[in-house]
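Architecture and fold: a report
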Amino acid sequence: MPRITLPDGTVKNFDQPISAYDVAADIGPGLAKAAIGAKVDGVLCDLSTIINDDASLELITPADRKTGESTDDALYLIRHSAAHVMAEAIQRIIPDAQLVYGPPVENGFYYDIAFPDDQPLSAEQFDAIEKEMDKIIKEDRPFTRYELPAAAGMDKLRSEGSKYKLDNAERALDAGSDALSWYATGKPRESWEDLCRGPHVPSTGRIGAFKVMSLASSYWHGDANSDALTRVYGTAFTTSEQLEKHLEVLDEAKKRDHRVLGKQLQLFTIDETVGPGLILWSPNGAVVRQELQTFIGNELRKQGYHQVFTPHIGRLELYRTSGHFPYYQDSQYPPLIEGEFLSGLATEGCTCGDLANRMSSGAIDGYLLKPMNCPHHIKIYASQPHSYRDLPVRLAEFGTVYRYEQSGEIGGMTRVRGFTQDDAHIFCTEEQLADELIGCLELVKVIFNTLGMDDYRVRVGLRDVDSEKYVGQTDLWDKAEDAVRKATKTLGKPFREEPGEAAFYGPKIDFVVKDVVGREWQLGTVQVDYNLPVRFDLSYIGADNQPHRPVMVHRAPFGSFERFVGCLIEHFAGAFPTWLAPEQVRVLPISDKTAGYGREVLATLKDAGIRATTDESSERVQNKIRVASEMKIPYLLIVGPRDEEARSVSVRARGIRHDLGALPLETFLGSVIEEIHSRSATTVIQRHFEAIAV
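Read on for an overview of the structure.

What counts, and where the lines are drawn
All residue numbers refer to positions counted from 1 along the written sequence of the respective chain. Side-chain atom pairs in this predicted model are given and counted only at pLDDT of 80 or more, local residue features only at pLDDT of at least 70, and totals for whole chains, interfaces and linings cover all residues. The side-chain values count all of the structure's non-hydrogen atoms but skip hydrogen atoms and water molecules. Buriedness for pockets is judged along seven lines, at least five of which must meet protein on both sides within 12 Å for an open set on the 1 Å grid over protein atoms alone, while cavities are sets there where a 1.4 Å probe fits but cannot get out, and lining residues have an atom within 4 Å of a point. Grid points are joined across faces, edges and corners, and a volume is the space filled by probe spheres set on the points. Put simply, DSSP H or I for four residues or longer makes a helix, DSSP E for two residues or longer makes a strand, and each gets a number counted from the N terminus. Note on residue classes: Ala, Val, Leu, Ile, Met, Phe, Trp, Tyr, Cys and Pro are nonpolar, Asp, Glu, Lys and Arg are charged, and everything else, Gly too, is polar. A pair of strands counts as paired when DSSP detects no fewer than two bridges linking them. For helices, the axis comes from a line fit to the C-alpha atoms of the stretch in contact; other axes are also lines fit to C-alpha atoms, and the angle between any two N-to-C directions lies between 0 and 180 degrees. By definition in these notes, contact holds between two residues if any of their heavy atoms fall within 4.5 Å. A residue counts toward a patch only above 30% relative accessible area and without a salt bridge, and it is joined to like-charged neighbours within 9 Å or, for Val, Leu, Ile, Met, Phe, Trp and Tyr, to nonpolar neighbours within 5 Å. Calculation of accessible area relied on Shrake-Rupley with a 1.4 Å probe; when residues are assessed, cover is drawn exclusively from the protein chains displayed. We count a salt bridge whenever a side-chain nitrogen from Lys or Arg sits within 4 Å of a carboxyl oxygen from Asp or Glu. Any residue under 20% of the maximum accessible area for its type is buried, any over 50% is exposed, and the rest in between are partly exposed; the area is computed with a 1.4 Å probe on protein chains only.

All right, on to the layout of surface pockets then. Estimates place the volume of the second largest pocket at around 1200 Å³. Residue lining of the second largest pocket: 44 residues in total, with M372, R403, F419, K508 and Q522 positioned closest to the centre. Looking at the lining of the second largest pocket, the elements with two or more residues in it are β22 (418–428), β25 (508–514), β26 (520–529) and β29 (551–556). Of the residues assigned to the lining of the second largest pocket, the class counts are 16 nonpolar, 14 polar and 14 charged.

Moving on: the sheet that holds strand β11 (residues 143–149). Spatial strand order, β11-β12-β13: 3 strands in an open sheet with antiparallel pairing. Of all the strands in the sheet, the pair left with one neighbour each is β11 and β13 (193–195). Across this sheet, the average inter-strand angle for adjacent strands is 25°, counted without regard to direction. Across 3 bridges, strand β12 (residues 179–185) lies against β13 in antiparallel orientation. Bridge pairing links A184 to E193 in β13. Of the strands in this sheet, β11, β12 and β13 are in contact with helix α3 (residues 72–93), which crosses β11 at around 85°. Its contacts with the sheet place helix α5 (residues 150–160) against β11, β12 and β13, and it is angled at close to 110° to β11.

Moving on: a nonpolar patch on the surface. Taken together, the side chains of I313, L336 and Y367 define a hydrophobic patch exposed on the protein surface, amounting to about 260 Å² of accessible area. When you line up the elements, Y367 lands in strand β20 (residues 367–369). The class for Y367 is partly exposed, based on a relative accessible area of 40%.

Burial runs high along β12: 6 of the 7 residues are buried. Sheet topology places β11 next to β12; 7 bridges connect them, and they run antiparallel. Note on β12: the bridge partner recorded for E147 is S181.

This paragraph deals with the pattern of salt bridges. Under the counting rule described, the total for this entry stands at 42 salt bridges. A salt bridge links K12 to D26; its shortest N-O distance comes to 3.1 Å. Of this pair, K12 sits in strand β2 (residues 11–13) while D26 sits in helix α1 (residues 20–27); the two residues are 14 residues apart in sequence, bridging distant segments of the chain. By relative accessible area, which is 22% here, K12 ends up partly exposed.

Read these as layout, nothing more, since geometry by itself doesn't imply function.
Here it is in structure tokens:
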């Protein structure tokens, strides 16, 4: 009979199989009323799940009893259930709509649906959908699960005639299921129902606050050559207050959209004739990128890194040795094969499939756009002998790599096909590994602290022992994972281990940064690798005069400049700190009479290395201020006859709607130089005027 262990260690014994709900009721009626699901031995499930054997049990409530916040598990249950309610509401409005699948996702849920050609769904129908959803929720109908044996379940689906549901069922059976399950919102076979594995909340009335959000195009199985579908997005929370807060965040995020601001501030452009996912850095964006590169370059020199440069392509054989080809073949650009050789193969009747097989096996050589920098750095290390006295060897490169992302996954600067990494690889002894990892983590902390990105969490990606994607010996993996865990603990931050998220050659530490509106971005990474040194037969001569294998550390604090700058644009809403701003100061003469003095001020600023311009247009000064403010320039210097006479400037700082007052030009110059050189997030100029006011 089941022996149930609760999260606090309490053990409850029952003399017969019992549902998770009945365990909750045994603990107390309040908990039974509040619970919306359960975790049995760590697996999220319905509250009605029967527990037959000894198990651990965690009961899921809409809000955590300690923090008062909704847990990820609670939101998963609510959103999965809301997806069903939305699908039912849509089929009430468009009965011939065919459902494909509808999972919960981060911050919400979606349902892919095939609509009749003459009845497409539009955003104008969202209100009607929400009204139907509201009715279903108020009816508080139970989510009722029932199962059918595989054969009977397939017969049912064939009689219903949905090729999409038949396909879903076949996939479930291929994955090892011996039965198929449905969820009805009410009575099975009488109420609305959908093929689904679950789990769900106990009834529709437990869903809370919801909203239909948007529409997008999608394809069956993600294949652009397959059926075109409509993806309907929605979101749901336990309370209306949480929903309102989420919508406010989305509204603020819309204002900060780096694609919009990037165009407004002339930072980057994407041109379809160049290619989707390929960023063209405009002069303003290039300034931001170069400043970041200079910043990290200075830090790298302090830590003893050596700059290297490598080509944008390499031979296939190089990537076969590393394992990147054909391992990452689906996300790589096609190999480059010599044209005359290809013509010869075509004459022989070689098919595309034969060509792919020959390339994978190594029978055909060619070149590949660089998917990773590490094989090139490995070859630089291997180009000369090394003693233990030479180690660690730290090689750094701002190297551009290429990935063939699916067109539907490309977005602005944050998901691209060509990107430049602040990449580095360290070759060290096992004894040096711990210190080298700490050095990498310290570098990440310097970057985040300088940019005011202090709210981040740490994710440790480990191998999945049951997966075949990981290369190398188990004992080497154990060493690498142990080193990663120990290094991560030195950060003093909570971290979460995620099996299955390691790189194919080693475990990694990822940094997930939360921006000012609460969104998370995966940025820097540090990886420990015992395996590529084996694959490339790397060595150094130890103190015993014998060859030894180095350990390799991969590290990229920014990740990629494209993604990092996209994140920074949204984090700062385009208002970069002065040291990063493409234009730091703009001089605004009041009239032609002071244009000459304005040019003097501009020359003084430029001589001091400050990025500055002047606006000598015939516009009124208020219009000049408006235009400059739209470009989010940190400082505007308004110069009139009195300023010229006093050799001063009237200062207006970004975000302050009035002049701060006049300052001697030399005083302003010294203050802004200090602000830039210190990379201060606090404006020295504003602090100066506050001191005067006191």
